[in-house]
Amino acid sequence: MMIEIFDPTDERAVRNKDNLIAFYNEAINEKNPVEAANKLVAEGYIQHNPQLPDGAAGLGAAFAALTAQRKDARVVIHRIIASGDWVWAHVNFLNLYTDDPADLGVAGVDIWKMDADGIALEHWDVLQPVAAEVSPVNGHGMF
């Protein structure tokens, strides 16, 4: 179950949250990354992940290569928080690096800055492999 945190009277936050949910679903889960990027990512988009290119075309092409190589790649959004032009998403990217159906994936927190029209302008992320078990230190899982 996805947890959504936003002020329903903040129209920009609602639109931006919905746009990013649509982007994740279309780009990764539905395997239409070029179309998703063309609709929801600015051509002047700035990418802070050193493994991904700037621009809508660059991001679309990078995800197109990934989803072509990994047919089972998908993303699960666990939490999404939006306020004005900012959206934070706690996600689990699955089968990005392996076709193993038991892949636990990569946990991520994505930070997105959106423009006045709800298009992604800038992105930061923090990623780590999902642990196979709950932490022996604190007893918690990652999601």
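Shown above is the structure to which this text applies.
Predicted, not measured: the structure shown is a model, and the values here were computed from it.

A. Structural view of the packing of aromatic side chains. Under the definition given, this model contains 6 aromatic pairs. The structure contains a cluster of three or more aromatic residues connected by ring pairs, namely F23, Y24, Y45 and W112. When the ring centre of F6 is taken as reference, the NZ or CZ atom of K17 above it lies at 4.6 Å.

B. Representation of unusual backbone geometry. Even without a glycine there, the phi angle at K31 is positive, about 60°. Along the chain, the position of K31 falls in the loop between α1 (11-29) and α2 (33-40). Of note, the phi angle at N95 is positive, near 55°, even though the residue is not glycine. Within the secondary structure, N95 sits in the loop between β4 (86-94) and β5 (106-114).

C. Seen up close, the pairing of β4. In terms of residue burial, β4 counts as a mostly covered element, since 7 of its 9 residues are buried. Relative to β4, strand β3 (residues 74-83) runs antiparallel, the two sharing 9 bridges. Opposite I81, over in β4, you have W88 as the bridge partner. Between β3 and β4, which pair antiparallel in sequence order, lie 2 residues; one of them, G84, sits at a positive phi of approximately 55°. Judged from the 8 bridges that link them, β4 and β5 form a sheet pairing that is antiparallel. By the bridge assignment, H90 is partnered in β5 with V109.

D. Just a nonpolar patch on the surface, in detail. A cluster of nonpolar side chains, contributed by M1, I3, I5, I81, W86 and W88, occupies part of the molecular surface with about 610 Å² of accessible area. At the level of elements, β1 (3-5) and β4 are the ones that each hand at least two residues to the nonpolar patch. Locating I81 in the fold gives a position in strand β3.

E. Just the environment of F93, in detail. Mapped onto the elements, F93 comes out in strand β4. Sequence spacing of F93 and A73 is 20 residues, and the spatial spacing of their C-alpha atoms is 7.4 Å. When near neighbours in sequence (up to four residues on either side) are disregarded, F93 contacts Y24, I28, R74, V75, G105, V106, D110 and L127.

F. Up close: the environment of V87. Positionally, V87 belongs in strand β4. Residues V87 and I111, spaced 24 residues apart in sequence, show a C-alpha to C-alpha distance of 5.9 Å. For V87, the contacting residues outside a window of four places in its chain are N16, K17, L20, I80, I81, A82, D110, I111, W112 and M114.

How each quantity is defined
- Residues numbered from 1 in each chain as written.
- Predicted model: local features only at pLDDT ≥ 70, side-chain atom pairs only at ≥ 80, totals over all residues.
- Heavy atoms only, no water.
- Phe/Tyr/Trp six-rings, centres within 6.5 Å; stacked < 30°, edge-to-face > 60°.
- Lys NZ or Arg CZ within 6 Å of the ring centre and 35° of its normal.
- Helix = DSSP H or I, 4+ residues; strand = E, 2+ residues; numbered from the N terminus.
- Buried < 20%, exposed > 50% of the residue type's maximum accessible area, 1.4 Å probe, protein only.
- Pairing = 2+ DSSP bridges.
- Patch = residues over 30% accessible without salt bridge, like charges linked within 9 Å, V, L, I, M, F, W, Y side chains within 5 Å.
- Areas by Shrake-Rupley, 256 points an atom, 1.4 Å probe, with all protein chains shown as cover.
- Salt bridge = Lys/Arg side-chain N within 4 Å of Asp/Glu carboxyl O.
- Contact = heavy atoms within 4.5 Å.

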